[in-house]
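Geometric and topological summary
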Amino acid sequence: APRVYTVPLSHRSSAFLMPAPNRLSDLENCAIGAICGTADTTLLQSTNYWKNAQQQRLPFTMNPAVLYRGYSANVLNNGFCLMTQFYLNGIAKRMLTGGAREATPAEQIGSGFAAGLGSGVVCGPLELIMIQQQRKGGTILSVGGDLARGGPSIVSRGMLALGLREGIYCAGFMGILPAVRKHIRETYAHTPFGQSEDAARLTATFIAGPICAFASHPPDTVKTCMQGDIEQVRFKGYGQSAGVLVAESGIAALWRGMPWRLFRQCCAVFLFDKISAEVAPRLFPHAFR
């Protein structure tokens, strides 16, 4: 009889351990999202400040006290935002697949977009606090209290643009990147681009990252300018804000600050995919068997 060999779990490629994401429970999806959000903010907070500063024409600085101003709000923002996105993504995938099969690439992209769009309700107010802290200082409680007293029109400022930005972003790291990584790993395993999971992940990052960053940056620029100007001195509504930017510096103004965001997004989507593919199986092995 032929001999059957088994490979220890720790030695198997994560290409064969990828779960059907809808098998993770809602709480487990939230936990992965919180880990991703905290890691992203802690490692890449400075690039977020530089991007926001360039969009609002604020001075460049290397002062850590300024770069990490609003860090706590951003940890909460990214943590809760990604928790919401992973949670909604899991629900969307279960709705599409019935929990009985793997989602197709198109379903992954669609559920990612829906998750990102829906997360705007959670992310919007927290990101507004962070941007106001970056501009004016203050604590989370003091800034949050001032904004809350402004009413729903202030608290929800820029929320639609943020939802669109997050929808495109989530479609990228939850849908496009995993699909491209899997294709590279299966088709180009004999090349340097696909010889390992991290090589395929890095290659997929440089394909999916720029596409999503370019497509999602205009709503991000409009959102940042609106949230930085809650007094509505220059930026009022969505269309008017975009018009002001284009009139001021041409259509390229909508992509102001993109190099910082592109760098951050490439790092972040690589990090998120690695956490989803390699940390999640160690935390929740029952979902990967």
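Everything below is about the structure shown above.
First, a word on what this report is: a plain description of the structure on this page. (Residues numbered from 1 in each chain as written. Predicted model: local features only at pLDDT ≥ 70, side-chain atom pairs only at ≥ 80, totals over all residues. Heavy atoms only, no water.)

**Details of the overall build of the protein**
When you go through the protein residue by residue, the secondary structure sums to 10 helices and zero strands. If you list the helices and strands of the protein from N to C, you get α-α-α-α-α-α-α-α-α-α. In terms of overall dimensions, the protein has a C-alpha envelope of 80 × 35 × 35 Å along the principal axes. With 289 residues in all, the protein has 52% of them scored as buried. In the protein, once contacts between residues fewer than 6 apart in sequence are set aside, the share between residues at least 24 apart is 77%. (Helix = DSSP H or I, 4+ residues; strand = E, 2+ residues; numbered from the N terminus. Buried < 20%, exposed > 50% of the residue type's maximum accessible area, 1.4 Å probe, protein only. Contact = heavy atoms within 4.5 Å.)

**A closer look at the packing of helix H4 (residues 105–136) against helix H5 (residues 140–149)**
Between H4 and H5, whose axes approach to 10 Å, the crossing angle comes to 110°. Between H4 and H5, the crossing angle belongs to the class labelled roughly perpendicular. In this structure, the crossing between H4 and H5 has a hand that is right-handed. Contacts from Leu128, Ile129, Gln132 and Gln133 of H4 reach H5 at Ile140, Val143, Gly144 and Leu147. For the contact of H4 with H5, a count of residues per class yields five nonpolar, three polar and no charged. (Axes fitted to C-alpha atoms, helices over the stretch in contact; angles between N-to-C directions. Parallel < 35°, antiparallel > 145°, perpendicular 65-115°, else oblique. Left-handed = near helix turned anticlockwise from the far one by under 90°. Nonpolar A, V, L, I, M, F, W, Y, C, P; charged D, E, K, R; others polar.)

**A few points about the state of the cysteines**
On inspection of all chains with the given rule, the structure shows one disulfide. Between the sulfur atoms of Cys81 and its disulfide partner Cys123 the distance amounts to 2.1 Å. Residues Cys81 and Cys123 are joined by a disulfide whose S-S torsion is about 90°; by sign, that bridge is right-handed. In this pair, Cys81 is assigned in helix H3 (residues 71–97) and Cys123 in helix H4, connecting sequence segments 42 residues apart. Judged by its relative accessible area of 4%, Cys81 is buried. This cysteine, Cys225, is not joined by any disulfide, and Cys123 carries the nearest cysteine sulfur, 19 Å off. (Disulfide = S-S within 2.5 Å.)

**Quick notes on unusual backbone geometry**
Look at Arg57: it is not a glycine, yet its phi comes out positive at around 60°. You can see Arg57 is positioned in the loop between helix H1 (26–55) and helix H2 (64–67). A positive phi angle, close to 60°, is found at Gln232, a residue other than glycine. Within the secondary structure, Gln232 sits in the loop between helix H8 (197–228) and helix H9 (238–249).

**Re the packing of aromatic side chains**
Under the defined criterion, the tally for this structure stands at nine aromatic pairs. On the basis of an interplanar angle of 20° and a centroid distance of 6.4 Å, the ring pair of Phe60 and Trp260 is categorised as stacked. Taken as a pair, Phe60 in the loop between H1 and H2 and Trp260 in helix H10 (residues 258–283) lie far apart in primary sequence, 200 residues in all. With centroids separated by 5.7 Å and ring planes inclined at 50°, the aromatic side chains of Tyr68 and Tyr71 adopt a geometry described as tilted. For Tyr68, a relative accessible area of 34% translates into the label partly exposed. Overall, the relative accessible area of 27% leaves Tyr71 in the partly exposed class. (Phe/Tyr/Trp six-rings, centres within 6.5 Å; stacked < 30°, edge-to-face > 60°.)

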